[in-house]
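Remarks on the overall topology
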Amino acid sequence: MSKNTKDLISAFSSFNDKLEKTTKKRVKLMGFSDVTEFIPTGNYLLNAQMSGSLRGGYPNARSLGIGGDSGTGKTFLCLNAIKNAQDMDYAVFYIDTEGALDKKDFANFGINMDLLNYKRIGIISEVKFFVHDIIKMKEENPDLKLMLIVDSLTHLETNKEVEDRAKGSNAQDMGLRAKELRQLFKSFTLDLSNLKIPLIFTSHTYASMDQYTPKAMSGGSGPLYSASVVLMLSKGVLKAEDDVSSSDTGKDRTGVKVRCTTDKNRLAKPEKIEIHISFHKGMNPYVGLQDYLSWENCGVERGNKLTEKEFSKLKGAEAESCSEFEVDGEKFYFLPKASARNF
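All of these numbers come straight from a predicted model, not from anything done at the bench.

Moving on, we come to the packing of helix H5 (residues 124–140) against helix H7 (residues 176–194). Following both chains from N to C, one finds H5 and H7 inclined at 5°, their axes separated by 10 Å at the closest point. The pairing of H5 with H7 is recorded here as roughly parallel in orientation. Contacts from Ile124, Val127, Lys128, Val131 and Ile135 of H5 reach H7 at Arg177, Glu180, Leu181, Gln183, Leu184, Ser187, Phe188, Asp191 and Leu192. When the residues that make up the contact of H5 with H7 are grouped by side-chain class, the tally is eight nonpolar, two polar and four charged.

What the nine strands build is an open sheet, ordered S5-S4-S6-S7-S3-S10-S11-S12-S13; its pairing is mixed. With partners counted over all chains shown, the strands left at the sheet margins are strand S5 (116–120) and strand S13 (282–283), one partner each. Relative to strand S11 (residues 253–265), strand S10 (residues 229–239) runs antiparallel, the two being bridged by eleven bridges. Note that in S11 the partner of Lys235 across the bridge is Val258. Strands strand S3 (63–68), strand S4 (91–96), S5, strand S6 (146–151), strand S7 (199–203), S10, strand S12 (273–278) and S13 of the sheet are contacted by helix H3 (residues 74–86), whose axis makes an angle of about 160° with S4.

Attention shifts here to the packing of aromatic side chains. Going through the model one piece at a time under the given rule, you end up with ten aromatic pairs. Relative to Phe109, the ring of Phe76 lies with its centre 5.3 Å away and its plane at 65°, an arrangement referred to as edge-to-face. Taken together, the positions of Phe76 in helix H3 and Phe109 in the loop between helix H4 (103–107) and S5 put the pair 33 residues apart, joining distant regions of the chain. Residue classification places Phe76 among the buried residues on the basis of a relative accessible area of 18%.

Counting 35 residues, the largest nonpolar core has Tyr58, Leu77, Ile82, Tyr94, Met147 and Ile200 as its most contacted members. With near-sequence residues (within four places) excluded, Ile200 lies in contact with Tyr58, Leu64, Ile66, Cys78, Ala81, Met147, Leu148, Ile149 and Val150. Residues Ala91, Leu181, Leu195 and Leu199 belong to the second largest nonpolar core, which totals 28 residues.

We now examine the confidence of the model for the protein. Within the protein, residue pLDDT values average 89, and 94% of them lie at 70 or more. The secondary structure element of the protein with the lowest average pLDDT is strand S9 (residues 215–217), at 76, and the one with the highest is S4, at 98.

Turning our attention to unusual backbone geometry. With omega at 5°, the peptide bond leading from Asp151 into Ser152 counts as cis. Summarising the element assignment, Ser152 is placed in the loop between S6 and helix H6 (159–167). The residue Asp89 is not glycine, and still its phi comes out positive at about 70°. The residue Asp89 is located in the loop between H3 and S4 in this model. For Asp328, which is not a glycine, the phi torsion comes out positive at approximately 55°. Within the secondary structure layout, Asp328 lies in the loop between strand S15 (323–327) and strand S16 (330–336).

Reading the values: rules and limits
- Residues numbered from 1 in each chain as written.
- Predicted model: local features only at pLDDT ≥ 70, side-chain atom pairs only at ≥ 80, totals over all residues.
- Heavy atoms only, no water.
- Axes fitted to C-alpha atoms, helices over the stretch in contact; angles between N-to-C directions.
- Helix = DSSP H or I, 4+ residues; strand = E, 2+ residues; numbered from the N terminus.
- Parallel < 35°, antiparallel > 145°, perpendicular 65-115°, else oblique.
- Contact = heavy atoms within 4.5 Å.
- Nonpolar A, V, L, I, M, F, W, Y, C, P; charged D, E, K, R; others polar.
- Pairing = 2+ DSSP bridges.
- Phe/Tyr/Trp six-rings, centres within 6.5 Å; stacked < 30°, edge-to-face > 60°.
- Buried < 20%, exposed > 50% of the residue type's maximum accessible area, 1.4 Å probe, protein only.
- Core = buried A, V, L, I, M, F, W, Y, C linked by side-chain atoms within 4.5 Å.
- pLDDT = per-residue confidence, 0-100.

Here it is, written out as C-alpha cells:
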C-alpha cells in the first residue's frame, strides 16, 4: 500500500468520524447488512439456484418473491421454509391473505405453533401497520430471530376497494393497488434487511405482452424492485415412473414437477432447474442433482447397485461400464442406466 493511499484512508476515516457526530442526531445511519446465514429450502439444487450454494437457501437479510400459477408449490415452499427456519431458532410471522390454511396444514409440516404468529389480513394498509409494529418490536428485542411471510400479494386489497364494495360500487382502482403495494414495500424493505428479518412473499402470475417474459408476477413493479431474488414457478405432472420417492409403478400421478427460473437474482447466476414435490412424501432434497453430478465425481447417478454375484452374470459392454465400490467392507458394483428408477 502506497503512502498516498495510507494518507487518503486516514483522512477519509477522520472525515467519516466527524460526519457521523454531526448527522447522527438527525439521520438514522446504518452500514452494511450482510447475509450471515441461509435458511434451507428443502432441496439442494433450489438452495443453489437462490444463493449460489448447495448449502444456501433463503438469505436472512434479504427479500425473496415466489411467483407462479395455482398448484405450483408456492405455499408448500413457504411452509417448508417455516419448519427449516424454526430448526434454526427463528420465530415466524405468517400473513395469510387467502384464508386457505388451517392448523393441521402447519402440523403436517411439523411446525411448532408456539413459534408461529399466524394472521389473516386482507388489506394492504393493515399489512403495512402490522409489519411496522413487528419492526419496532424487533428493534427493542434485537436478539430474537424473526422471519416474515406474506402469502400472497394477489389477494391484498386497497381501502378504496373495500369501501367501494360496501357502497355497491364496481369502480376500477386506476392503478391504486399497484401504487399501494409499491409504497408497502418501500416502507419496510430496508428496515427488514437492517434487522435481518428474511421476507418471503408469494404472488400469482398472469400472461404478459412482453415477448421475453411471457409470465409476470401480479402486484406491479414495487415488490419486484424490492426483492433480491424473484423465483418463478411452473408445473408439470409427476408420475410414479418418474418419482424416485414412490414405490408405485405405472403412469399414475403422484405429485408435481416444478420448473424454477429466477427472473431476478442478486446472489447467484440465473439457472433453470426442476424439483419434485410428491403428494405423499413432500419434496425430495436430492432431485435435480443428477443433472449436474455424476458417479465419477461424487457417486450419484441414475442406475442400479449390484452385488458381486449379480455383477458376475454381466458380460461385454454392461460389465465394462460398471464401477466398483465398497460399503462397510462389502464390495458392490454400480451399473449406470438411463431408464433406471433409482439413483
